[in-house]
Amino acid sequence: MAFNLESQPSGSSPLGFLTANPIANAVADAYRSFSDRRANLGLSNPGTTEALAKEVQRDVSLTNFMHSGIRADITKAVSLSPYFQVSHQFAMGEHQNPYAFAGLFGTDKVFLQGSVDNNQTLSTRFNYRWNPALVSKTQFQIGAQDMASIEHEYTGSDFTSSVKMLNPSYLEGGLTGIFILSHLQSVTRKLALGIEAIWQRAALSQPPESALSYSARYKTDDWIATAQLHPGQGGLNTTYWRKISDKVQAGADMTLQVAPAPGGVMGGGLIKEGVTSVGVKYDFRMSTFRAQVDSKGKLGCYLEKRIAPTVMMTFCADVDHYTQSAKVGLGVSLETSGEELQEQQETLGAQASPNIPF
């Protein structure tokens, strides 16, 4: 039977000549050979360009944790599968809204999140997983500053590609907005290289702008180094993360910026700016402590401690020796759930938490 199938003439299909010819066969053989060699390398997925230095910038650095004033979060989990929770946030301090309400819903395919604050600013996020490799992400904000973001992310076995659009529009008779195309590829088991292209146009009355940036990530068992180069903007960012022990992590982040002076390169020379920060993270049994110092004389610390199974206290402070200023923040987080939710968790067991496409 197999012999009869192979011996069928290609002319049985009007377009059979496109695949049944020496050139197509050579290309198919070359692709199969390349795919086999690529699979034999045992490469892993390197993550995304946006999260290239997540170990330093998200885990060790204090940028995403610092706040000033007083803040209280009350979160109630309503269901585990599908996951559903609501939260209330009360705050008093600089750059903080006095009140915000948020809701979150998640399944293996869908992620929904919405929040509204006392300034009537509405923010929503909607993610959908089409298949294990492709996820679409959308984000909208309506209020003092409207914003729309649409992203499609494809995760392969050894690469990640994404296309992102910020405030895309064609209502003015032409294309405006910001469009970002990125690709991060593992080339060895430790090294990954990436490229990112940006095209933006604020309005039809302004000319479009484009830029390219390059990235690299080198990962070993206990340390990770990354670098991002922006030739068009004259920027360079490098990070170094190291796992000192099971409970101690350290990281360094350096950013350099070189730009022409107002008089131009010939008249005013170049303006060189840079900042380097070094941070450390300690994980204890019931608490986590972070500390950071940078080259501009700013020293900060952040402590979070769980004083009860459902209560978390946070304390943060930073001192800027250059401007002679200091900020202090105190927060409390309360997590509540009913008895029926605990029974649901015992019933579902390991399947209690779905794989939400965040």
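Residues numbered from 1 in each chain as written. Predicted model: local features only at pLDDT ≥ 70, side-chain atom pairs only at ≥ 80, totals over all residues. Heavy atoms only, no water.

S.K.: Would you take a moment to explain the overall build of the chain for this structure?
M.R.: When helices and strands are counted, the chain shows 5 helices and 19 strands. Referenced to the eigenvectors of the C-alpha coordinate spread, the extents of the chain come out at roughly 80 × 70 × 50 Å. Put simply, the chain has 358 residues, and 30% of those count as buried. Nonlocal contacts in the chain, meaning residues at least 24 apart in sequence, comprise 33% of its contacts between residues at least 6 apart. Of the side chains in the chain, 29 bear a positive and 32 a negative charge, and the two mean positions are spaced by 5 Å. (Helix = DSSP H or I, 4+ residues; strand = E, 2+ residues; numbered from the N terminus. Buried < 20%, exposed > 50% of the residue type's maximum accessible area, 1.4 Å probe, protein only. Contact = heavy atoms within 4.5 Å. Lys, Arg positive; Asp, Glu negative; His and termini not counted. Charge placed at Lys NZ, Arg CZ, Asp CG, Glu CD.)

S.K.: Sorry, what's going on with empty space enclosed by the protein here?
M.R.: Counted according to the given criterion, the structure contains 2 cavities of 30 Å³ or more. Contributing to the lining of the largest cavity are Glu196, Ile198, Ala211, Leu212, Ser213, His230, Pro231, Gly232 and Gln233. Here the element with the most residues in the lining of the largest cavity is strand E11 (residues 209-219); it accounts for 3 residues. Roughly 40 Å³ of internal volume is contained in the second largest cavity. (1 Å grid on protein atoms, 1.4 Å probe; cavity = no way out; pocket = protein on both sides within 12 Å on 5 of 7 lines; lining within 4 Å. Points joined across faces, edges and corners; volume = space filled by probe spheres on them.)

S.K.: Any chance you could explain unusual backbone geometry here in plain terms?
M.R.: Note that the residue after Ser81, namely Pro82, is joined by a cis bond; omega there is 0°. Tracing the backbone through its elements, the reader meets Pro82 in the loop between strand E1 (69-80) and strand E2 (83-92). With a phi angle near 55°, Gln324 is a residue other than glycine that sits in the positive phi range. Here Gln324 is to be found in the loop between strand E18 (311-320) and strand E19 (325-336).

S.K.: Sorry if this is basic, but what is going on with the pairing of strand E6 (residues 134-142) here?
M.R.: In this sheet, E6 lies alongside strand E5 (residues 122-129) in antiparallel orientation, the contact comprising 8 bridges. From the neighbouring strand, Arg129 faces E6, where its bridge partner is Val135. Hairpin connection from E5 to E6: 4 residues lie between these consecutive antiparallel strands. Of the strand pairs in this sheet, E6 and strand E7 (residues 147-155) are connected by 8 bridges, and their pairing is antiparallel. Pairing of Gln139 across the sheet is with Ser149, part of E7. (Pairing = 2+ DSSP bridges.)

S.K.: What should I look at first to understand the layout of surface pockets in this one?
M.R.: Which parts of space are left empty comes out when a probe the size of a water molecule is rolled across the atoms. Considering only enclosed or pocket space, the largest pocket measures out at about 1,100 Å³ in volume. Lining the largest pocket are 43 residues, with Thr75, Gln85, Ser87, Ala102 and Gln113 positioned closest to its centre. Classifying every residue of the lining of the largest pocket by side-chain character gives 14 nonpolar, 23 polar and 6 charged. (Nonpolar A, V, L, I, M, F, W, Y, C, P; charged D, E, K, R; others polar.)

S.K.: What exactly am I supposed to notice about the pattern of salt bridges here?
M.R.: Any two side chains of opposite charge can pair, so long as their charged atoms come close to each other. One pass over the full model with this rule turns up 9 salt bridges. Arg217 is paired through a salt bridge with Glu55; the nearest N and O atoms lie 2.9 Å apart. Taken together, the residues span a long stretch of sequence, with Arg217 in strand E11 and Glu55 in helix H3 (residues 54-60) at a distance of 162 residues. A relative accessible area of 7% means that Arg217 is categorised as buried. A salt bridge links Glu94 to Lys327; its shortest N-O distance comes to 3.5 Å. Linking Glu94 in the loop between E2 and strand E3 (99-106) with Lys327 in strand E19, this pair joins segments that are 233 residues apart in sequence. What makes Lys327 partly exposed here is its relative accessible area of 37%. (Salt bridge = Lys/Arg side-chain N within 4 Å of Asp/Glu carboxyl O.)

S.K.: Please clarify how the packing of aromatic side chains should be interpreted in this entry.
M.R.: The description of an aromatic ring pair rests on the distance of the ring centres and on the angle between the ring planes. Under the definition given, this model contains 8 aromatic pairs. For the pair Tyr128 and Trp130, a centre-to-centre distance of 4.8 Å together with 75° between the ring planes defines the contact as edge-to-face. The class of Tyr128 is partly exposed, set by a relative accessible area of 26%. Plain terms: the ring middles of Trp223 and Tyr240 are 5.8 Å apart, the flat faces sit at 35° to each other, and that makes the pair tilted. Of this pair, Trp223 sits in strand E12 (residues 223-230) while Tyr240 sits in strand E13 (residues 235-243); the two residues are 17 residues apart in sequence, bridging distant segments of the chain. Look at Trp223 and you get partly exposed, because its relative accessible area is 24%. Chaining the aromatic ring pairs together yields one cluster made of Tyr218, Trp223 and Tyr240. One Lys or Arg, Arg290, reaches over the ring of Phe65 and ends 4.1 Å from the middle of that ring. (Phe/Tyr/Trp six-rings, centres within 6.5 Å; stacked < 30°, edge-to-face > 60°. Lys NZ or Arg CZ within 6 Å of the ring centre and 35° of its normal.)

S.K.: In this structure, what is going on with the environment of Lys137? I would like to understand it.
M.R.: Mapped onto the elements of the fold, Lys137 is located in strand E6. Linking Lys137 and His88, residues 49 residues apart in sequence, is a C-alpha distance of 24 Å. If we skip the residues at most four places from it in the chain, Lys137 touches Phe126, Asn127, Ser149, Ile150, Glu151, Glu153 and Phe358.

S.K.: Explain the confidence of the model for the chain to me, please; I cannot follow it from the model alone.
M.R.: A low pLDDT score tells you not to read the predicted coordinates there in detail. Looking at the chain as a whole, its pLDDT mean stands at 89, while 92% of the residues score no less than 70. Segment residues 1-11: pLDDT under 50, and 2 contacts once partners within four positions in sequence are set aside and those in other chains are kept. (pLDDT = per-residue confidence, 0-100.)

S.K.: I keep staring at the environment of Thr48 and nothing clicks. Help me out?
M.R.: As for its placement among the helices and strands, Thr48 is situated in the loop between helix H2 (22-40) and H3. Residue contacts for Thr48: discarding those within four places in its chain leaves Glu153, Thr160 and Leu184. Here Ala51 takes part through its backbone nitrogen, which lies 3.2 Å from a polar atom of the side chain of Thr48. (Polar contact = N/O pair within 3.5 Å; in protein donor to acceptor, adjacent residues only side chain to side chain.)

S.K.: What is the right way to read H2 from this model?
M.R.: Within an α-helix, residues lying three or four positions from one another point in the same direction, as the helix has 3.6 residues per turn. Under the 1.5 Å per step criterion, the end-to-end length of H2 is 27 Å for 19 residues, consistent within 8% with the ideal 27 Å. At the N-terminal boundary of H2, the capping side chain belongs to Asn21, with an oxygen 3.1 Å from the backbone nitrogen of Ile23. Trailing H2 by a residue or two, Gly42 shows a phi angle of about 70°, which is positive. (Expected span 1.5 Å × (residues − 1).)

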